[in-house]
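Each chain is listed here by its residues.
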Amino acid sequence: MAVTERLSASYAALTEACALVDRSERGKLALTGPQAKEFLTGQVTNDVESLEPGTGCYAALLTNKGKMLGDLRVLDVGPPTPELWLDTERVALQTLFDTLRRGSVGWQAELHKRTLQQALLSLVGPRAAEAVGVELAPEHANRHAELGGAPVLLVATDAGVDVVCAADDAAAVRAALAVPEVPEAAAEVVRVESGRPRYGVDLDETTIPQEADLNARAVSFTKGCYVGQETVARLHYKGKPNRHLRGLRLSAAVPSGTPLVLGERQVGTLGSSVLSPRHGPIGLAIVRREAGPGDELAAGVATATVVELPF
């Protein structure tokens, strides 16, 4: 089967039913101790301290100037092992670990490595809940369960359900789920279509959360202080970002990193670049605000029409 045919088949499984994407390479940590929530709330952009067992949130870790060092999901997994469970893009893991370890000095909070010890299996598609036999909502809601005779943590996502288990139990859990496994590339198409940026691809250490349209998802404006708060609050209440996350409809497939040019000026760099069975070549990029919806940009050998998100 040709590559494009395999992609189309995987895409159909993800959008019409349910398929499994192995994301065990994501960075995973746990934070325990009586001051874990209070400590982490002062480090990241969202309100971790208000989380109840079985809930979670999305947040960003920032520099003092409000630029993103990484993003992360924070889950209060509750009993039987009360802890905050964190996962992040692998490219941001070491920075997250080092920053939290340094910052936790003097707090009753202990950081634990879980990347190699735990597997993360993402079920993507409208029938993901059927595969695990549990309806979970809203996003980040989580509960303990059992699959294939192994204990698992089920987590609601924007696209389905994540299943977290011990790495040694991954094969048994995968077999119990009984859904087809597809490559990450197929799931990337679904992500790009939904307009969700990915750290290390669309976001980097130059990005302020508001530029990537992350304020609603990742930032609390009512909690206490955190690193980088001044810049984020000032931009939200008094300023306008110079850049915005946009979708791009491409005339031909071009690689991530391709410069985007409006007139004679570079206004951004292509981030995610995928071939969608539904939309054709599309991508995401954070571009300067003068490049608005409807504008046509030069993108290497292709042209890129700026569009609002999602596609």
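Refer to the structure above for everything that follows.
Residues numbered from 1 in each chain as written. Predicted model: local features only at pLDDT ≥ 70, side-chain atom pairs only at ≥ 80, totals over all residues. Heavy atoms only, no water.

### Quick notes on the environment of A186
Looking at where A186 falls in the secondary structure, it is placed in helix 6 (residues 184-194). Distance from A186 to S8, taken between C-alpha atoms, is 8.2 Å for residues 178 residues apart in sequence. Excluding anything up to four places from it in sequence, A186 contacts L7, S10, Y11 and L14. (Helix = DSSP H or I, 4+ residues; strand = E, 2+ residues; numbered from the N terminus. Contact = heavy atoms within 4.5 Å.)

### Quick word on the sheet that holds strand 8 (residues 142-147)
Overall, antiparallel pairing links the five strands, which are arranged 1-7-10-9-8 in an open sheet. In this open sheet, the two edge strands, each paired with only one partner strand, are strand 1 (19-22) and strand 8. Within this sheet the neighbouring strands show an average axis-to-axis angle of 30°, counted without direction. As judged from the four bridges shared by strand 1 and strand 7 (residues 118-124), these two strands associate in the antiparallel manner. If you follow L20 over to strand 7, its bridge partner there is L123. (Pairing = 2+ DSSP bridges. Axes fitted to C-alpha atoms, helices over the stretch in contact; angles between N-to-C directions.)

### A short note on unusual backbone geometry
The omega torsion across A137 and P138 is -5°, close enough to zero to call that bond cis. When you line up the elements, P138 lands in the loop between helix 4 (128-132) and strand 8. Across the junction of L309 and P310, the peptide omega takes the value 0°, indicating a cis bond. Counting through the fold element by element, P310 comes out in the segment after strand 17 (302-307). Positioned with a positive phi, A178 is a non-glycine residue whose angle comes to about 55°. Accessibility expressed as a relative area gives 65% for A178, which makes it exposed. The backbone of D213 shows a phi angle near 60°, a positive value even though the residue is not glycine. Tracing the chain through its elements places D213 in the loop between helix 6 and helix 7 (215-218). (Buried < 20%, exposed > 50% of the residue type's maximum accessible area, 1.4 Å probe, protein only.)

### Remarks on the packing of aromatic side chains
One pass over the full model with this rule turns up two aromatic pairs. Here F39 and W107 contribute two aromatic rings whose centre-to-centre distance is 5.9 Å and whose plane-to-plane angle is 50°, an arrangement assigned as tilted. Note that F39 is positioned in helix 2 (residues 36-41) and W107 in the loop between helix 3 (90-103) and strand 6 (110-113), a separation of 68 residues in sequence. Note on F221 and Y237: the rings are 5.7 Å apart at their centroids and 75° apart in plane angle, and the pair reads as edge-to-face. (Phe/Tyr/Trp six-rings, centres within 6.5 Å; stacked < 30°, edge-to-face > 60°.)

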